[in-house]
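Overview (structure and organization)
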Amino acid sequence: MCDWVWPNFISRKHTAETGSTYGATPEYEVKFFQAVTGRDLSYEESIELGHKFWVLDRAIWALEGRHRDQEVFTNYVYDVKTTKPFPLVVFEDGKWSYSLCQGRTLDRDKFEDFKTRFYAHEGFEESTGRPTRSGLEALDLGFAADKLEAAGKLGA
């Protein structure tokens, strides 16, 4: 599934066709997962499972030597203002709306601050971005914590 499209909670296309802003999700992902795996699970269970997959993937990255300093966008995202109109859902001035998002760049310092807060929220070490034992064990991924610890790459 394309990560540029999903999740799709609000859809501009649906608004034009049906008068509704209801997007295709959360039902779509669950139905897709069920069709492929045959597993029947709720939307909430699918979110928990996806989170577990994502954190396990992050643990693999840490084993490979990934560090928060490598988690940056290419320079043009920070330095070159957008010029082509591309409508996106945005939160500006206290409300959600669509914007063509022209003339925007990503602020490097604010992105670094976001990473720090995100890592803390996820139970990762803030200075490295590596998963911690407590964060992994909370998701029943203690085996991954053991592997990271043996390799000297477990977050503190």
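Shown above is the structure to which this text applies.
Residue numbering note: each chain is counted from 1, following its sequence as written. Given that the model is predicted, a residue must reach a pLDDT of at least 70 before its local features are reported, and side-chain atom pairs must reach 80 or more before they are shown or counted; all residues, however, enter totals for whole chains, interfaces and linings. Side-chain numbers here rest on the full set of heavy atoms in the structure, without hydrogens or water.

Let's talk about the environment of Gln 34
Looking at the element boundaries, Gln 34 is found in helix H2 (residues 27–37). Exposure classes here rest on a 1.4 Å probe applied to the protein chains alone. A residue is buried below 20% of its type maximum, exposed above 50%, and partly exposed in between. Residue classification places Gln 34 among the partly exposed positions, given a relative accessible area of 23%. Not counting the four nearest positions on each side in its chain, Gln 34 is found in contact with Arg 39, Asp 40 and Leu 41. We call two N or O atoms a polar contact when they sit within 3.5 Å, provided that within protein one can donate a hydrogen and the other can accept it, with sequence-adjacent residues counted only if both atoms are side-chain atoms. In terms of polar contacts, Gln 34 uses its side chain to reach the backbone carbonyl oxygen of Leu 41, at 3.2 Å. In this description a helix means any DSSP run of H or I spanning at least four residues, a strand means any run of E spanning at least two, and both kinds are numbered starting from the N terminus. In this analysis, two residues are considered to be in contact whenever any of their non-hydrogen atoms come within 4.5 Å of each other.

Structural notes on the pairing of strand E2 (residues 95–99)
Remember that side chains alternate between the two faces of the sheet whenever the strand is regular. For two strands to count as paired, DSSP must find a minimum of two bridges between them. The pairing of strand E1 (residues 88–92) with E2 spans five bridges and is antiparallel. Bridging across to E2, Phe 91 finds its partner in Trp 96. Remark: two residues form the turn of the hairpin made by E1 and E2, two consecutive strands paired antiparallel; Asp 93 in that turn has positive phi of roughly 55°.

Regarding a nonpolar patch on the surface
Residues Val 89, Phe 91, Trp 96 and Tyr 98 make up a contiguous nonpolar surface patch of roughly 440 Å² in combined accessible area. The set of elements that each furnish at least two residues to the nonpolar patch consists of E1 and E2. With respect to the secondary-structure elements, Phe 91 resides in strand E1. Think of a patch as exposed residues, more than 30% relative accessible area, with no salt bridge, where like charges cluster within 9 Å and nonpolar side chains (Val, Leu, Ile, Met, Phe, Trp, Tyr) cluster within 5 Å. Surface accessibility follows the Shrake-Rupley procedure with a 1.4 Å probe radius. Residue values consider only the protein chains on display as shielding. By convention in these notes, a salt bridge is any Lys or Arg side-chain nitrogen within 4 Å of a carboxyl oxygen on Asp or Glu.

Observations regarding the pattern of salt bridges
Following the criterion strictly, the structure yields ten salt bridges and no others. Its salt-bridge partner being Glu 137, residue Arg 133 comes within 3.0 Å of it at the nearest N-O pair. Residue Arg 133 and its partner Glu 137 are located together in helix H6 (residues 133–138), separated by four residues, close to a single helical turn. A salt bridge links Arg 133 to Glu 149, with the nearest nitrogen and oxygen atoms 2.7 Å apart. Placement of the pair is Arg 133 in helix H6 and Glu 149 in helix H7 (residues 142–150), with a sequence separation of 16 residues.

Description of the side chain of Glu 125
Summarising the element assignment, Glu 125 is placed in the loop between helix H5 (108–122) and H6. Despite its burial, Glu 125 pairs with no opposite charge, the nearest such side chain being Arg 130 at 6.2 Å. Non-local contacts of Glu 125, meaning those with residues more than four positions away in its chain, are made with Tyr 119, Arg 130, Thr 132, Leu 154, Gly 155 and Ala 156. Under the convention used here, Asp and Glu are negative, Lys and Arg are positive, and both His and the chain ends fall outside the count.

Focus on unusual backbone geometry
A negative phi angle is the norm for most residues apart from glycine, just as the trans form is the norm for most peptide bonds. In this structure, Asp 93 takes a positive phi of about 55° despite not being glycine. Looking at where Asp 93 falls in the secondary structure, it is placed in the loop between E1 and E2. On the accessibility criterion, Asp 93 (81% relative accessible area) is exposed. One non-glycine residue with positive phi stands out, namely Asp 140, at about 60°. Take Asp 140: it is sitting in the loop between H6 and H7. By relative accessible area, Asp 140 is classed as exposed at 59%.

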